[in-house]
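This is what each chain is made of:
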Amino acid sequence: MISDKMIAAINEQINKEIFSEYMYISMQAWLADQNLDGMANWMDAQAQEEHFHAMKFFNYLIERGAKVKLQAIAAPPVEFKSALKVFQESLDHEKFVSKSINELMDLAIEEKDHATKSFLQWFIDEQVEEEASVDRVVNMLKMVGENGHGLMMIDRELAQRVFDPANEA
Ligand code: FEO
């Protein structure tokens, strides 16, 4: 049996994941506007990953016979000062999401909800990867600073990212 409190908390998490998708496509738009198409591609893949996360929670609720209640999505930030600031904001956001997943796990432990604990373990591991992959880009951007050639090199590398749901299972 999944508790009403747990169902409400997972519904909140769906909103956070959809907001993440929304925020990343907003960052994608800003980066594309700066002609940083590789970085924009990276954000596109990131947004697709967030949609996948949201639907994983969505499908879990349905599987448990619980109601999905979608909520309003907050407006994402639309203006950024630099590519570095974009990725720093993403890193802060991923840390916020990790905290939120940890709180879900705390609740599942408190409620002795073993099925939800098992389900959430995937997200605990995923967040380690999520933070590491954004942190890597932040560090690369810090290293090149204002160097245009360096930025171009990073942009070219980030153009390679592809989201493949088959790798997420
Ligand atoms: Fe769904 Fe990037 O956390």
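Thresholds applied
- Residues numbered from 1 in each chain as written.
- Predicted model: local features only at pLDDT ≥ 70, side-chain atom pairs only at ≥ 80, totals over all residues.
- Heavy atoms only, no water.
- Salt bridge = Lys/Arg side-chain N within 4 Å of Asp/Glu carboxyl O.
- Helix = DSSP H or I, 4+ residues; strand = E, 2+ residues; numbered from the N terminus.
- Buried < 20%, exposed > 50% of the residue type's maximum accessible area, 1.4 Å probe, protein only.

A. Quick peek at the pattern of salt bridges. For the structure on display, the rule yields four salt bridges. For E49, the salt bridge goes to R161, with nearest N and O atoms at 2.8 Å. Taken together, the residues E49 in helix α2 (residues 37-63) and R161 in the segment after α5 (148-158) connect sequence positions 112 residues apart. The buried category is assigned to E49, whose relative accessible area is 6%. Here R136 ties to E157 by a salt bridge, and the two come within 2.8 Å at their closest N and O atoms. Here R136 is found in helix α4 (residues 114-144), whereas its partner E157 is found in helix α5, with 21 residues between them in sequence.

B. The arrangement of unusual backbone geometry in detail. Positive phi, normally seen in glycine, also occurs at N35, with a value near 65°. A relative accessible area of 63% places N35 in the exposed class. Phi angles above zero are rare outside glycine, and K112 is one such case at about 55°. Structurally, K112 can be placed in the loop between α3 (83-110) and α4.

No statement about biological role is implied by the geometric values presented.
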